[in-house]
Amino acid sequence: MLLALFIGIVTLVTTAGVVTRRFWLPAGINQHAAAFDSWLGIVIAILGIAFLGAQIALAWVIWRHRDRGQRAVYWDGSPKFEVFSIAIVTVLFLGASVGGARLWTGVHMSDQPAALRIEVLAKQFAWNFRYAGPDGRFGRTKLDLRNDATGNPFGIDDTDPVAADDVSNAALRVPAGQLIELRLNAQDVIHSFFVRELRLKQDAVPGMEIPLRFIAAKPGTYEIACAELCGLGHHQMRSVLIVLPPAEFTAWLAQSKNP
Ligand SMILES: [Cu+2]
């Protein structure tokens, strides 16, 4: 009886939190985020109805068959009902993935040329970002030059003239309203680049260079979190995405130099 009441209360609080948007993501900062939110809203509404139905049924069964001193009975279940529920779940899951696929491919598979490419190096437990500088070309790097103590996490080779204007930074600065392409790489284990306001999450895998494209329309500072449990210091692995008006970004890039 008490258990049925408890389930009812937890269900109500959870549902109310989502319906009133108290448990929700922070406001998005681009078109993708808006499209993602409306799709997420549909999926959450469908799942929410299923969740409510299942929890109410559970509470009802617990209350209806509570111990009143009667003999326990055993029920074999109903194959028809099971097949029916599996069919419904299958349709919902396939529908959700087909419906969401367009949104996903729009972000990840577009062949529009990016205005700016930035290399991202994830490692235990920090993020580093590398810009090609005003010449638009990334210079040579060497693994044995990688050194955090000297401020050169990418191992940029200063003897290469192309590398002279390369910029590496622990924060990610991007110009607002332009298509950015990150090239994600990991030095040690799998990490995951996650910015809630962009509604984007992508693993960074050692030995792979994974592209991730986005446009950040609204200037501001947003948290970058590592979304893959990557070791003891995982909770400290964060940085910031700073979205700047394009002119400010160009000025920042021009005055920053390879350390
Ligand atoms: Cu990590």
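Given the structure is predicted, the values throughout are model-derived calculations rather than measurements.

## Quick notes on the confidence of the model for the protein
For step 1, the next point in the chain: Averaged over the protein, the pLDDT score is 89; the fraction of residues at 70 or greater is 99%.
For step 2, the next point in the chain: The least confident element of the protein is helix α1 (residues 2-19), whose mean pLDDT is 85; the most confident is strand β6 (residues 191-195), at 96.

## A look at the pattern of salt bridges
For step 1, the next point in the chain: In total, this model carries 11 salt bridges according to the counting rule given.
For step 2, the next point in the chain: Across the pair E181 and R117 runs a salt bridge whose closest N-O atoms are separated by 3.7 Å. With E181 in strand β5 (residues 179-186) and R117 in strand β1 (residues 116-123), the pair connects residues that are 64 residues apart, well separated along the chain.
For step 3, the next point in the chain: We classify E181 as buried; its relative accessible area is 8%.
For step 4, the next point in the chain: With a closest N to O distance of 3.0 Å, R140 and D157 form a salt bridge. In this pair, R140 is assigned in the loop between β2 (126-131) and β3 (167-169) and D157 in the loop between β2 and β3, connecting sequence segments 17 residues apart.
For step 5, the next point in the chain: Among the charged side chains, a network of salt bridges with common partners joins R117, E181, R183, E209 and R213.

## Side note on the coordination of the copper ion
Put simply, the ideal angle at a metal is 109.5 degrees for four donors in tetrahedral geometry and 90 or 180 degrees for six donors in octahedral geometry.
For step 1, the next point in the chain: Here the copper ion is held by the protein donor atoms H191 (ND1), C226 (SG), C230 (SG) and M237 (SD), which lie 2.1 to 2.5 Å from it.
For step 2, the next point in the chain: Geometry at the copper ion is tetrahedral, judged from its 4 donor atoms and the angles of 88 to 124° they form at the metal.

## A look at the packing of helix α2 (residues 31-64) against helix α3 (residues 79-108)
For step 1, the next point in the chain: Packing of α2 against α3 leaves a shortest axis separation of 11 Å and a crossing angle of 175°. Relative to α3, α2 is oriented roughly antiparallel. When α2 is examined against α3, the residues H32, A35, F36, W39 and I46 are found in contact with a partner set consisting of L92, G95, A96, G99, G100, L103 and V107.
For step 2, the next point in the chain: The residue inventory of the contact of α2 with α3, partitioned by class, reads 8 nonpolar, 4 polar and no charged.

## Focus on the packing of α1 against α2
For step 1, the next point in the chain: With their axes 8 Å apart at the nearest point, α1 and α2 run at an angle of 165° to one another. It follows that α1 is roughly antiparallel to α2 by the angle criterion. The crossing of α1 and α2 is left-handed. From α1, L3, A4, I7, T11, T14, T15 and V18 reach across to α2, where they touch I44, F51, L52, Q55, L58, A59, I62 and W63.
For step 2, the next point in the chain: For the contact of α1 with α2, the class distribution of residues is 11 nonpolar, 4 polar and no charged.

## Regarding α3
For step 1, the next point in the chain: Here α3 spans 42 Å end to end across 30 residues, near enough to the 44 Å set by a 1.5 Å rise per residue.
For step 2, the next point in the chain: Taken together, the buried residues of α3 touch α2, β7 (200-204) and β8 (210-215).

## Topic: unusual backbone geometry
For step 1, the next point in the chain: Put simply, Q124 and F125 share a cis peptide bond, and its omega is 0°.
For step 2, the next point in the chain: Within the secondary structure, F125 sits in the loop between β1 and β2.
For step 3, the next point in the chain: In this model, R21 sits at a positive phi of 60°, which is unusual for a non-glycine residue.
For step 4, the next point in the chain: Note that R21 resides in the loop between α1 and α2.

Cut-off values and rules
Residues numbered from 1 in each chain as written. Predicted model: local features only at pLDDT ≥ 70, side-chain atom pairs only at ≥ 80, totals over all residues. Heavy atoms only, no water. pLDDT = per-residue confidence, 0-100. Helix = DSSP H or I, 4+ residues; strand = E, 2+ residues; numbered from the N terminus. Salt bridge = Lys/Arg side-chain N within 4 Å of Asp/Glu carboxyl O. Buried < 20%, exposed > 50% of the residue type's maximum accessible area, 1.4 Å probe, protein only. Donors = N, O, S within 2.8 Å, 3.2 Å for Na, K, Ca; no water. Tetrahedral: all angles 85-135°; square planar, octahedral: opposite > 155°, others 65-115°. Axes fitted to C-alpha atoms, helices over the stretch in contact; angles between N-to-C directions. Parallel < 35°, antiparallel > 145°, perpendicular 65-115°, else oblique. Contact = heavy atoms within 4.5 Å. Nonpolar A, V, L, I, M, F, W, Y, C, P; charged D, E, K, R; others polar. Left-handed = near helix turned anticlockwise from the far one by under 90°. Expected span 1.5 Å × (residues − 1).

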